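Each chain, written out:
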Amino acid sequence: HHSEPASHAYAGLTPRTETLFGPPGRAYVYRSYGVHAMLNTVCEPEGVGAGVLIRALAPVRDLEAMRRRRGGLDDEQLCSGPGRLTQALGIWLDENGADLAHGSIRIEPRSPGPAPALLDGLRIGITRGIELPWRYCLLGNRHVSKPWPARTRLRGPRT
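Just so you know, these numbers come straight off a predicted model, no measurement behind them. (Residues numbered from 1 in each chain as written. Predicted model: local features only at pLDDT ≥ 70, side-chain atom pairs only at ≥ 80, totals over all residues. Heavy atoms only, no water.)

Student: Teacher, can you tell me more about the environment of Pro5 here?
Tutor: Tracing the backbone shows Pro5 in the segment before strand 1 (27-32). In this structure the C-alpha to C-alpha distance between Pro5 and Gly125, which are 120 residues apart in sequence, comes to 14 Å. When neighbours within four sequence positions are excluded, Pro5 is seen to be in contact with Tyr10 and Arg128. (Helix = DSSP H or I, 4+ residues; strand = E, 2+ residues; numbered from the N terminus. Contact = heavy atoms within 4.5 Å.)

Student: Even after reading the chapter, I still don't get unusual backbone geometry, so can you show me in this structure?
Tutor: Glycine aside, a negative phi is what most residues show, and trans is what most peptide bonds show. With phi around 55°, Tyr33 is a residue other than glycine that occupies positive phi space. Looking at where Tyr33 falls in the secondary structure, it is placed in the loop between strand 1 and strand 2 (36-42). Positive phi values are uncommon outside glycine, yet Asp62 reaches one of about 60°. In this structure, Asp62 sits in the loop between strand 3 (51-53) and helix 1 (63-70). Judged by its relative accessible area of 59%, Asp62 falls in the exposed class. (Buried < 20%, exposed > 50% of the residue type's maximum accessible area, 1.4 Å probe, protein only.)

Student: What is the right way to look at helix 1 in this model?
Tutor: For an α-helix the count is 3.6 residues per turn, leaving residues at separations of three or four pointing the same way. Restricting attention to buried positions, one finds in helix 1 the residues Ala65, Met66 and Arg70. Buried positions in helix 1, seen along its axis, are confined to an arc of 125° and lie on one side of it. Residues of helix 1 that are exposed and point over 90 degrees away from its buried face: Glu64 and Arg68. On its buried face, helix 1 is in contact with helix 2 (82-89). After helix 1 finishes, the residue Gly71 shows a positive phi value of roughly 70°. (Arc of directions from axis to C-beta.)

Student: Teacher, can you tell me more about the environment of His2 here?
Tutor: Inspection of the secondary structure puts His2 in the segment before strand 1. Separated by 111 residues in the primary sequence, His2 and Gly113 have C-alpha atoms spaced 34 Å apart. Other than its neighbours up to four places away in sequence, His2 contacts Ser7, Ala9, Tyr10, Phe21, Val48 and Gly49.

Here it is, written out as structure tokens:
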């Protein structure tokens, strides 16, 4: 969120952060440490700078392509970190601003069924705002990037 010092939006609206201040449901893709592309989803109304970093996922299709891009890592590690995730999925900087419902990168609705149990924990990989419990994962999911969140709070099933 633009009020939080670890956010790129904290600096305000700039050419780099323009996507973060745009409409929700867009991809904010940027380069981290000059090496990795990072995928975020813009998540607040237009004009409010905020996004969520997609840190990991459990790969379920196109595994062979992901394995080729990631150089033979085992399936648990293919997408177990934000840089690994974008490399495995073939997400590049030119996809910044992509529509996540209809564009080249898609985040689809959760499958029908019981809502999963979620854990929240402290964020990692930053030096400011680390006290905020804004790191979420599925309980028991081994695809989460390490270190795994401590059980700070178990959030019940969500719809």
